[in-house]
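Letter by letter, the chains look like this.
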Amino acid sequence: MQKILYSLFLFSAVTIFGQSKKFFEKGEVQILHPVEKVNLRFENNLPFVKVSINGKFYNFLFDTGAPTVVSQTIYEELNLKKKYKKSIKDSDEKVQQQIFTELPEMKIDGLIFKNVGAIVLDLNSAELGCLKVDGIIGANQMAKLFWKINYSENLLEASNDIYAFNTKDYEVVIPFESQPQKTPVINISLLNKDIKLTFDTGFSGRLEISGDNIDPKTLQHVVKTFGTRTTGAFGTAMPAPGYIFRADSVKMGNTMFQKERMATGKTDLIGNEFFKDFIFILDWKNNRIYMKRIITSPSTLESFGFSYRFVNGNAMVTFIFEDENFPLKIGDAILSIDGIKLENLDKDTACHYFINRVEKDQNTLNLKIKRGGETFEVKLDKKVYLE
């Protein structure tokens, strides 16, 4: 059964305002072998690669939902030049002006990228700092090669020839449209409606549909929710009502998927909780994604019915299932879980518990809660919400 404890939606669907394609077509790549194996570390439902710049190693997210990004620290260390500033929007529709620059050289194992366009972002804020992300390998950079990804084996392969990968063995073929920053967007058919989803390896969830695309009255097998589980490039989203539901059928490309678990949110995304069931190939030359199933995750939903994040070193309830008589509310402070203190933590300790969740693999939780001026205890059992 799928255990929903919390989700981190990171850098999903970063988009650019008023930007031509030329900036994201910048750069070139050299590849040493016909197929180059690249280091990949799949953690917290997110893929990371080790990058070398000027002989120093950095931790980059491999993210099809965003353009290439470097941290403010790298920008200053390398004394990179500012090309200009433009507004960009993150997954939670927050907008900021950011510096656009050009990275002279970046090495990823046997791949050498030169003069790639990149955006400068602060990657040390809130939960992003806990993941120690130095930058993003974005879609504009990936589009220069063909990529084969297998999360289950931490395997990432690159080639400049699609025939280096035997796509005939891949039963699922999904066409995509390439956005100006090269992010792939696919069409799906759901509840007799056509919806565009960003194919986003920077999104740790499964399938998320914007609330505007769904009429709640048409949903079956549904759980009503409130709050936020999302963190974008510019911070945490505002709390909002939503739904987690199971769709009887979803058509993607040449394949009809049955009983897919989905959620509503602000954006339309497909992410790693779905992708890790497959080996998949990204082909920007023919605008195709090829997928071969290796496992089938159940659509059952099992949860304690809430999620939390750390605010100034304190665990705060930020997301709940609107179950009848559910004892927690948005804004409750969690003083402890199973006797483990979660208040007044320093940054390193808060990051430790953000990544290594106390409730992981537990079936019963004993929480000490503070609401207003009152302190009380709550016992929660894990519950099956979607059979």
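Quick caveat, the model's predicted, so the values are computed rather than measured.

Conventions and cut-offs
Residues numbered from 1 in each chain as written. Predicted model: local features only at pLDDT ≥ 70, side-chain atom pairs only at ≥ 80, totals over all residues. Heavy atoms only, no water. Pairing = 2+ DSSP bridges. Helix = DSSP H or I, 4+ residues; strand = E, 2+ residues; numbered from the N terminus. Axes fitted to C-alpha atoms, helices over the stretch in contact; angles between N-to-C directions. Polar contact = N/O pair within 3.5 Å; in protein donor to acceptor, adjacent residues only side chain to side chain. Contact = heavy atoms within 4.5 Å.

Things to note about the sheet that holds strand 15 (residues 172–175)
- Read from one edge to the other, the open sheet built from six strands follows the order 4-14-13-26-27-15, with strand pairing classed as antiparallel. On the outer flanks of this sheet lie strand 4 (36–39) and strand 15, each paired with one strand and no other. Each strand of the sheet is rotated relative to its neighbour by a mean of 20 degrees, with strand direction disregarded.
- In terms of strand pairing, strand 26 (residues 278–283) meets strand 27 (residues 288–293) through six bridges, oriented antiparallel. Following the sheet pairing, Ile281 is matched in strand 27 by Tyr290.

A few points about unusual backbone geometry
- In this structure, Asn79 is a non-glycine residue whose phi angle is positive, near 55 degrees.
- In this structure, Asn79 sits in the loop between helix 1 (72–77) and strand 9 (82–89).
- Unlike most non-glycine residues, Asn154 shows phi in positive territory, near 50 degrees.
- Its location among the elements puts Asn154 in the loop between strand 13 (146–150) and strand 14 (155–159).

Things to note about the side chain of Asn59
- Mapped onto the elements, Asn59 comes out in strand 7 (residues 56–62).
- A distance of 3.4 Å separates polar atoms of two side chains, one belonging to Asn59 and the other to Arg41.
- Reaching out from Asn59, the side chain makes a polar contact with the backbone oxygen of Lys132 at a distance of 3.0 Å.
- Contacts of Asn59, omitting those with residues within four sequence positions, involve Arg41, Phe48, Val49, Leu131, Lys132, Val133, Asp134 and Gly135.

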